[in-house]
Amino acid sequence: MAILEPLGNKFRKIEVVKQIRAEELEIIKEIGKKFSTDALLFEIDGNSKLILYLRVLDIRKFKETVNDLLHHYDLNLEDSVLSTLISKIESIGSYGIKGGKRIFVDYNIERKVSQRKSKIRQRGSIFYTEEGSFLRKNNNVPDQFVNRILQGNSLNVLKSFPSNCIDIVLTSPPYNFGLGYDTSEDGVDWKRYFEGLYAIFEECIRVLKFGGRIIVNIQPLFSDYIPSHHLVSNFFISRKLIWKGEIMWEKHNYNCKYTAWGSWKSPSSPYLKYTWEFLEIFCKGSLGKEGSTKNIDIIGDEFKKWVYAKWDISPERQMKKYGHPAMFPEELVRRALKLFSYKNDVVLDPFNGVGTTTLVAKKLGRRYVGIDVSEEYCRIAKKRLMEVL
Ligand SMILES: C[S@@+](CC[C@H](N)C(=O)[O-])C[C@H]1O[C@@H](n2cnc3c(N)ncnc32)[C@H](O)[C@@H]1O
């Protein structure tokens, strides 16, 4: 029985082949009444095929409506034809968004560029890496450094590593905000700070494999008007690394200077507030990273969510327990490693603190090297590693 026929407008067709019970049929009719026929239309073919013609959908409202109706008819979502339908809608990866609704057809029309490839060639993408000449031959990281926490200044420690031996660097350097780290200074003059940081990053680039990645979590100091994330990005770009992208780590940190408004209710100098931090991602020599497919551990749902580069992750809550003022939350490291590295890859954190990067690397079956200048932080990092089987 056809409930409605799609005429005129273009729709995306979704089919579910499953026995449709009488109550479900009623529910489908009810849903059809609650949504505009410009947005969606149902068709039932026999009693075991449901077709949805979809153009626009407020997915939250759709799910709520389905749940309410199922509840009304005392049915369970799990074994319903509607649960399969919702999964199918949610598995559609490409759609536009307007006013909180998903747009399933013609959402990219005005963005279509004709002869896209030749235009890209003409523009010359990643022009800033043109004179880069990285050695392509990769090396093994020496056994004495594998799965180790090394105490010392990274600048010196990394000097004993061969070139091209690390798959991925994931790190968060001190931000120079004046935090009370165990042994290192945090709050020197900015010029000295960046010189020190760049010297260590220079070593990171050297030890990184061709095709390897560097991910740096860095927060600007807005009150000093120092855009550290841009300066660090400029540094890597000047060294001919490819800028892969930027992840906004939304921490929902509303503690940030609640009452500092700059010029209150005046355009003279309002103070901008940020509840997020940045992760800048760079590649050495190539955007593609070699690895065996059997070493991929990211699943479809994770991939689909995480490539949208705004990650809502709460700040680490156990900093007091571990006695460190600026730890990564494990979830941040988990996402970064699963999205940008393979199992068994070698992960380096040259500012390893109490070892969140190395801990998560171990949990995810990566090899790791963590370096920190503080003996105490290294001791805690080792202890955390021992607690993982
Ligand atoms: C932001 S914290 C990193 C915290 C880490 N992500 C965690 O989850 O524990 C920066 C760390 O860099 C360390 N550090 C500062 N200068 C260093 C250097 N030159 N070499 C090695 N570590 C250094 C500090 O001791 C501090 O633990």
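Up top you'll find the structure we're talking about.
These remarks concern the structure in this document. The structure presented is a predicted model; accordingly, all values stated were derived computationally and were not measured.

Some points on the sheet that holds strand β1 (residues 12–17)
Consideration 1: In spatial order, the strands read β1-β3-β2; together these 3 strands make up an open sheet with antiparallel pairing. On the outer flanks of this sheet lie β1 and β2 (40–45), each paired with one strand and no other. Sheet twist, expressed as the mean angle between neighbouring strand axes with direction ignored, is 20°.
Consideration 2: Here 6 bridges tie β1 to strand β3 (residues 49–54), and the two strands are oriented antiparallel to one another. Bridge pairing in β3 links isoleucine 14 to leucine 52.
Consideration 3: Running at roughly 145° to β1, helix α3 (residues 81–90) makes contact with β1, β2 and β3 of the sheet.

Some details on the environment of tryptophan 261
Consideration 1: Considering the arrangement of structural elements, one finds tryptophan 261 in the loop between β10 (242–250) and β11 (276–283).
Consideration 2: Take tryptophan 261: its relative accessible area is 41%, and that puts it in the partly exposed class.
Consideration 3: Considering only alpha carbons, one finds tryptophan 261 and leucine 272, 11 residues apart in sequence, at a separation of 7.7 Å.
Consideration 4: Setting aside residues up to four positions removed in sequence, tryptophan 261 forms contacts with Ser269, Pro270, Tyr271 and Lys273.

A look at unusual backbone geometry
Consideration 1: The phi dihedral of aspartate 74 is positive, around 55°, even though this residue is not glycine.
Consideration 2: Take aspartate 74: it is sitting in the loop between α2 (59–72) and α3.
Consideration 3: The backbone of tyrosine 225 sits at a positive phi, close to 55°, despite the residue not being glycine.
Consideration 4: Within the element layout of this structure, tyrosine 225 appears in the loop between β9 (208–218) and α7 (228–238).
Consideration 5: Assessed through its relative accessible area of 58%, tyrosine 225 is described here as exposed.

Focus on the layout of surface pockets
Consideration 1: Its boundaries defined by the atoms lining it, the second largest pocket holds a volume of some 310 Å³.
Consideration 2: Asn138, Asp167, Lys209, Lys289 and Glu290 are, among the 18 residues lining the second largest pocket, the residues nearest its centre.
Consideration 3: If you tally residues by element for the lining of the second largest pocket, the top one is β9, at 3 residues.
Consideration 4: Partitioned by chemical class, the residues of the lining of the second largest pocket number 2 nonpolar, 8 polar and 8 charged.

Side note on helix α12 (residues 375–386)
Consideration 1: With 12 residues, α12 extends 17 Å between its outermost C-alpha atoms, agreeing within 8% with the 16 Å of an ideal straight helix rising 1.5 Å per residue.
Consideration 2: Taken as a whole, α12 has its buried residues at Tyr377, Cys378, Ile380, Ala381, Arg384 and Leu385. With its buried residues spanning 160° around the axis, α12 presents them on a single face. Seen from the open side of α12, the exposed residues pointing more than 90 degrees away from its buried face are Glu375 and Met386.

Re the packing of aromatic side chains
Consideration 1: Scanning all chains against the criterion turns up 16 aromatic pairs.
Consideration 2: Relative to tyrosine 193, the ring of tryptophan 190 has its centre 5.5 Å away and its plane inclined at 90°; by these criteria the two rings are edge-to-face. Taken together, the positions of tryptophan 190 and tyrosine 193, both in helix α6 (residues 190–207) and 3 residues apart, correspond to about one turn of that helix.
Consideration 3: For tryptophan 190, a relative accessible area of 18% corresponds to the buried category.
Consideration 4: Take tyrosine 193: its relative accessible area is 8%, and that puts it in the buried class.
Consideration 5: Centre to centre, the rings of phenylalanine 194 and tyrosine 198 are 5.7 Å apart; their planes meet at 40°, and the pair counts as tilted. Residue phenylalanine 194 and its partner tyrosine 198 are located together in helix α6, separated by 4 residues, close to a single helical turn.

Overview of the site of the ligand
Consideration 1: With respect to spatial proximity, 23 residues lie near the ligand, and among them His324, Phe328, Val354, Thr356 and Asp372 are the closest.
Consideration 2: Interatomic distance of 3.0 Å between a backbone N/O atom of valine 354 and an oxygen atom of the ligand.
Consideration 3: With respect to the ligand, the side chain of threonine 356 contributes an N or O atom lying 2.6 Å from an oxygen atom.
Consideration 4: Across the complex, the protein chains shield 95% of the 600 Å² of accessible surface that the ligand would expose by itself.
Consideration 5: Taken together, the residues that form the shell around the ligand break down as 12 nonpolar, 10 polar and 1 charged.

Quick word on the nonpolar core
Consideration 1: Phe161, Ile166, Phe201, Ile214 and Phe236 are the most contacted members of the largest nonpolar core, which has 37 residues in total.
Consideration 2: Elements that contribute at least two residues to this core include exactly α5 (154–159), β8 (166–171), α6, β9, α7, β13 (346–349) and β14 (367–372).
Consideration 3: Residue contributions to this core peak at 9 residues, all from α6.

Considerations on the side chain of serine 172
Consideration 1: For serine 172, the location among the structural elements is in the loop between β8 and α6.
Consideration 2: Owing to a relative accessible area of 15%, serine 172 belongs among the buried residues under this scheme.
Consideration 3: Side chain to side chain, serine 172 and asparagine 217 meet in a polar contact 3.3 Å long.
Consideration 4: With sequence-adjacent residues up to four places away left out, serine 172 is seen in contact with Asn217, Phe328, Asp349 and Phe351.

Cut-offs used in this document
Every chain is numbered independently, its residues counted from 1 as its sequence is written. Given that this is a predicted model, residues contribute local features only at a pLDDT of at least 70 and side-chain atom pairs are listed and counted only at 80 or more, while totals for whole chains, interfaces and linings are drawn from all residues. Side-chain measures were taken over the full set of non-hydrogen atoms in the model, leaving aside hydrogen atoms and water. For two strands to pair, DSSP has to find at least two bridges joining them. Put simply, DSSP H or I for four residues or longer makes a helix, DSSP E for two residues or longer makes a strand, and each gets a number counted from the N terminus. Inter-axis angles, ranging from 0 to 180 degrees, are taken between N-to-C directions of lines fitted to C-alpha atoms, where helices are fitted over the stretch in contact. We call two residues in contact when some of their heavy atoms are within 4.5 Å. Burial classes: relative accessible area under 20% of the type maximum marks a residue as buried, over 50% as exposed, and values in between as partly exposed (1.4 Å probe, protein chains only). Points on a 1 Å grid, built from protein atoms alone, make a cavity when a 1.4 Å probe fits but cannot get out and make a pocket when they are open with protein on both sides within 12 Å along at least 5 of 7 lines; residues with an atom within 4 Å of a point are the lining residues. Grid points are joined across faces, edges and corners, and a volume is the space filled by probe spheres set on the points. Polar here means any residue outside two lists: the nonpolar Ala, Val, Leu, Ile, Met, Phe, Trp, Tyr, Cys and Pro, and the charged Asp, Glu, Lys and Arg; Gly therefore counts as polar. By this rule the span expected of a helix is its residue count minus one, scaled by 1.5 Å. This arc is built from the directions going out from the helix axis to the C-beta atoms. Two aromatic rings from Phe, Tyr or Trp, using only the six-membered ring of Trp, form a pair when their centres are within 6.5 Å; if the ring planes differ by under 30 degrees the pair is stacked, by over 60 it is edge-to-face, and anything between is tilted. We call a residue near a molecule or strand as soon as one heavy atom of that residue lies within 4 Å of the molecule or strand. Throughout this description, a polar contact denotes any pair of N or O atoms lying within 3.5 Å of each other; where both atoms belong to protein, one of them has to be capable of donating a hydrogen while the other can accept it, and for residues adjacent in sequence the pair is counted only when both atoms sit in side chains. Under the convention used here, a 1.4 Å probe and the Shrake-Rupley method define accessible areas, while residue burial counts only the protein chains that appear. As used here, the term nonpolar core means buried Ala, Val, Leu, Ile, Met, Phe, Trp, Tyr and Cys residues forming a set that is joined through side-chain atoms within 4.5 Å.

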